[in-house]
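Spelled out from the first residue to the last, the chains are:
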Amino acid sequence: MKKILTALFSVVILCSISIKVSAAESSDNFSDLSEEIIATVNGIFSDKLPRQITQEDIDYNSVYKIYTETNVFELNTSNMDEIINISENEGYIYELPVYIEDDTVIVVITKGRELNESVEFTEEERQQILANVGKWGVAGVKYFEDETIDYVQEIQKSTNYISENVILVGGLPCFRYAVALIADDNRNIQEIVPLSSVPGIENIRNARMHADNVYDYQQVKEYINQIPKSDPDLMGGYGFPDLEKKSYGFSFFIGVSAAICMVAAVGIFMYIKKRKSHGEGRQA
């Protein structure tokens, strides 16, 4: 009986955090996308799926809202409410997990945007874009074989506690894919949890907090903001560069250059002094 109550309590907790993290806004109604989702998933992954998905496999209550158009590291605030207000206006997507046996399909749902006149389209493409402006639709699908993708469980496993102050953000420098930002009781973001593996993550190990996959938000923000924007090898890439190694290489280059210049200057000075002494000897 005790085990049953514990299991039920865990389910209730997961459901409550799911509402806070992933519940779609009532204005973003895309429940009519079921046919498109079924046709897209079954069509693209027909040779991978253990079976075709049906309407019963789609649960819109498990959809995740991810802010994707805001680089929170460039903002002058760490307050979650202020970040949400900014991000709501700049753009977001939804990711809908569909579970089939032991596999997961992530359906990416986005809203159609205005036509970009700087890009060349065929007339058919133009008409399709214009017809979908402001409408939600399937933008992509990702297949994970023998994996259960559950952001709520991933956050809980990483932090070992439940927080209602969580938002998901994607497209950030170095991380690229979705991360969880966790705020304290005052709604100020304190922690960042990557929800997938990130190359070079060991380079920010000093920012780790109480668990291996939980990082201090301010330290990570400072690390990323010190990456030279003029260096295309570092800025905008996927993964964390080793800034100490990069700085060492640059310092070594400067040191060698300075040494060469010093040797050259000494040589020129000795040459001039020698010629001057030679000239004075001839005048005598």
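Cut-offs used in this document
- Here, residues in each chain are numbered from 1, in the same order as that chain's written sequence.
- In view of the model being predicted, local features appear only for residues whose pLDDT reaches at least 70, and side-chain atom pairs are presented and counted only at 80 or more, with totals across whole chains, interfaces and linings using the full set of residues.
- As a convention, hydrogens and water are excluded, and side-chain values are obtained from all of the structure's heavy atoms.
- With a 1 Å grid laid over protein atoms only, a set of points is called a cavity when a 1.4 Å probe fits there but cannot get out and a pocket when it is open yet has protein on both sides within 12 Å along at least five of seven lines; lining residues have an atom within 4 Å of a point.
- Grid points are joined across faces, edges and corners, and a volume is the space filled by probe spheres set on the points.
- Segments assigned H or I by DSSP are reported as helices when at least four residues long, segments assigned E as strands when at least two residues long, and all are numbered from the N terminus.
- Under the convention adopted here, Pro, Cys and the residues Ala, Val, Leu, Ile, Met, Phe, Trp and Tyr are nonpolar, Asp, Glu, Lys and Arg are charged, and Gly plus all remaining residues are polar.
- What is meant by a nonpolar core is a set of buried Ala, Val, Leu, Ile, Met, Phe, Trp, Tyr and Cys residues, joined one to another through side-chain atoms within 4.5 Å.
- Think of it in three bands: with a 1.4 Å probe and only protein chains considered, a residue is buried below 20% of the maximum accessible area for its type, exposed above 50%, and partly exposed in between.
- In this description, contact between two residues means that some pair of their heavy atoms is separated by no more than 4.5 Å.
- The criterion for strand pairing is that DSSP finds at least two bridges linking the strands in question.
- Between Lys or Arg on one side and Asp or Glu on the other, a salt bridge is scored when a side-chain nitrogen of the former is within 4 Å of a carboxyl oxygen of the latter.

Novice: Help me out: how do you make sense of the layout of surface pockets in this one?
Specialist: If a probe the size of a water molecule is rolled over the atoms, the empty space left behind becomes visible. Considered as a void within the structure, the largest pocket measures approximately 470 Å³ in volume. Looking at the lining of the largest pocket, the elements that each hand over two or more residues are strand S2 (92-100), strand S4 (136-144) and helix H5 (151-159). With four residues, H5 is the largest single contributor of residues to the lining of the largest pocket. Of the residues contributing to the lining of the largest pocket, the split by class is 10 nonpolar, seven polar and seven charged.

Novice: Quick question: what am I supposed to make of the nonpolar core here?
Specialist: Soluble globular proteins tend to pack their nonpolar side chains together in the buried interior. Judged by nonpolar contacts, the single largest core of 52 residues is most densely connected at Ile37, Val105, Val107, Phe175, Val220 and Phe240. Broken down by element, this core gets its largest block of residues, five residues, from S2. Not counting residues up to four positions away in its chain, the partners in contact with Ile37 are Ile53, Ile58, Tyr60, Leu96, Val107 and Val138. With 18 residues, the next largest nonpolar core counts Ile66, Ile106, Ile149 and Ala178 among its residues.

Novice: Mind showing me how you'd approach the pairing of strand S3 (residues 103-111) here?
Specialist: Within a regular strand, the side chains alternate between the two sheet faces. Most of S3 is tucked away, with seven of its nine residues classed as buried. Across seven bridges, the pairing between S2 and S3 is antiparallel. Looking at S3, one finds that Pro97 is bridged to Ile106. Hairpin connection, S2 to S3: the antiparallel pair is bridged by two residues, and Glu101 has positive phi, about 55 degrees. As defined by bridge partners, S3 adjoins S4 across eight bridges and the pair is classed as antiparallel. Within the sheet, the bridge partner assigned to Lys111 lies in S4 and is Trp136.

Novice: Teacher, can you tell me more about the pattern of salt bridges here?
Specialist: Once the charged atoms of two side chains with opposite charge are near each other, the side chains can pair. Summed over the entire model, instances satisfying the criterion amount to seven salt bridges. Among the ionic pairs, Arg187 bridges to Asp81, the shortest N-O distance being 2.7 Å. Residue Arg187 is located in the loop between strand S6 (179-183) and strand S7 (189-194), and its partner Asp81 is located in helix H3 (residues 80-90); the two are separated by 106 residues in the primary sequence. For Arg187, a relative accessible area of 23% puts it in the partly exposed group. Salt bridges sharing partners connect three or more residues here, namely Arg51, Asp57 and Glu101.

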